[in-house]
Amino acid sequence: MAGGCAEMRFGGMTREAWECLRQRARGMKITVPDAESGTIDHPDAAAEYAWSEADGTLSVTLTRKPVWVPCDAVERRLREAVRACGGE
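A brief look at the structure comes next.

Cut-offs used in this document
- Residues numbered from 1 in each chain as written.
- Predicted model: local features only at pLDDT ≥ 70, side-chain atom pairs only at ≥ 80, totals over all residues.
- Heavy atoms only, no water.
- Pairing = 2+ DSSP bridges.
- Helix = DSSP H or I, 4+ residues; strand = E, 2+ residues; numbered from the N terminus.
- Phe/Tyr/Trp six-rings, centres within 6.5 Å; stacked < 30°, edge-to-face > 60°.
- Buried < 20%, exposed > 50% of the residue type's maximum accessible area, 1.4 Å probe, protein only.
- Expected span 1.5 Å × (residues − 1).
- Contact = heavy atoms within 4.5 Å.
- Axes fitted to C-alpha atoms, helices over the stretch in contact; angles between N-to-C directions.
- Disulfide = S-S within 2.5 Å.

### Quick look at the pairing of strand E4 (residues 57–64)
Next up, step 1: Relative to E4, strand E1 (residues 8–10) runs antiparallel, the two being bridged by three bridges. Following the sheet pairing, Phe10 is matched in E4 by Leu58.
Next up, step 2: Where strand E3 (residues 45–52) and E4 come together, seven bridges link them in antiparallel fashion. Looking across to E4, one finds that Ala47 is bridged to Leu62.

Right, dumping it as structure tokens:
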């Protein structure tokens with residue numbers, strides 16, 4: 001395992017977009033706590049997140065990931081998921 005990635009920020013994160021993203025994560029066996037901020041721990045990776053319904057923003061910082069997975073690939077997949085859920 002290697003270190004993490006720089007913070008990623010997303011806009012347009014309404015409650016519906018946030019719940020959609022959490023549901024997509026569950027489909028990939030990733031549990032996102034039912035809280036506005038926290039830590040996601042998975043055997044392959046870990047992240048810290050903060051969602052603000054008032055601001056419509058989500059920030060995610062990968063704190064641990066496999067060395068062979070580039071940060072830009074993680075960000076690309078996360079941005080695709082955010083867009084699919086109605087965020088930016």
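Next comes the rest of the write-up.
### So, the packing of aromatic side chains
Next up, step 1: Evaluated as defined, the whole model comprises two aromatic pairs.
Next up, step 2: Residues Trp18 and Tyr49 carry aromatic rings whose centres are separated by 5.5 Å and whose planes lie at 35° to one another, so their mutual orientation is tilted. One end of the pair, Trp18, is in helix H1 (residues 15–27); the other, Tyr49, is in strand E3, with 31 residues separating them in the sequence. Each member of the pair, Trp18 together with Tyr49, is buried.
Next up, step 3: Pairing Trp18 with Trp51 gives two aromatic rings, centres 5.4 Å apart and planes at 10°, and the pair type is stacked. Highlighted residues: Trp18 in helix H1 and Trp51 in strand E3, separated in sequence by 33 residues. Assigned by exposure class, Trp18 and Trp51 land together as buried.
Next up, step 4: Aromatic ring contacts, followed pair by pair, group Trp18, Tyr49 and Trp51 into a single cluster.

### A look at helix H2 (residues 71–84)
Since there are 3.6 residues in each turn of an α-helix, residues three or four apart along the chain are aligned in direction.
Next up, step 1: Over its 14 residues, H2 extends 20 Å from the first C-alpha to the last, a length consistent with the 20 Å expected when each residue adds 1.5 Å.
Next up, step 2: Restricting attention to buried positions, one finds in H2 the residues Ala73, Val74, Ala81 and Val82.
Next up, step 3: Contact partners of the buried residues in H2: E1, H1 and E4.

### A few points about the sheet that holds E4
Next up, step 1: On the basis of which strands lie adjacent, the open sheet formed by four strands has the order E1-E4-E3-E2 and antiparallel pairing. Edge positions in the sheet fall to E1 and strand E2 (37–42), since each has one partner strand and no second. Adjacent strand axes in the sheet meet at a mean angle of 20°, parallel and antiparallel pairs treated alike.
Next up, step 2: Where H2 meets the sheet, its contacts fall on E1 and E4, and the angle it forms with E1 comes to roughly 15°.

### Some remarks on the state of the cysteines
Next up, step 1: Counting across every chain of the model gives two disulfides.
Next up, step 2: Through a disulfide, Cys5 is tied to Cys71; the S-S separation comes to 2.1 Å. Since a negative S-S torsion denotes a left-handed disulfide, the Cys5-Cys71 link at about -90° is left-handed. Of this pair, Cys5 sits in the segment before E1 while Cys71 sits in helix H2, placing them 66 residues apart in sequence.
Next up, step 3: On the basis of relative accessibility, which here comes to 29%, the residue Cys71 falls in the partly exposed class.
Next up, step 4: Between the sulfur of Cys20 and that of Cys85 lies a disulfide, 2.1 Å long from S to S. Taking the sign of the S-S torsion, -70° for the link of Cys20 and Cys85, the bridge is left-handed.

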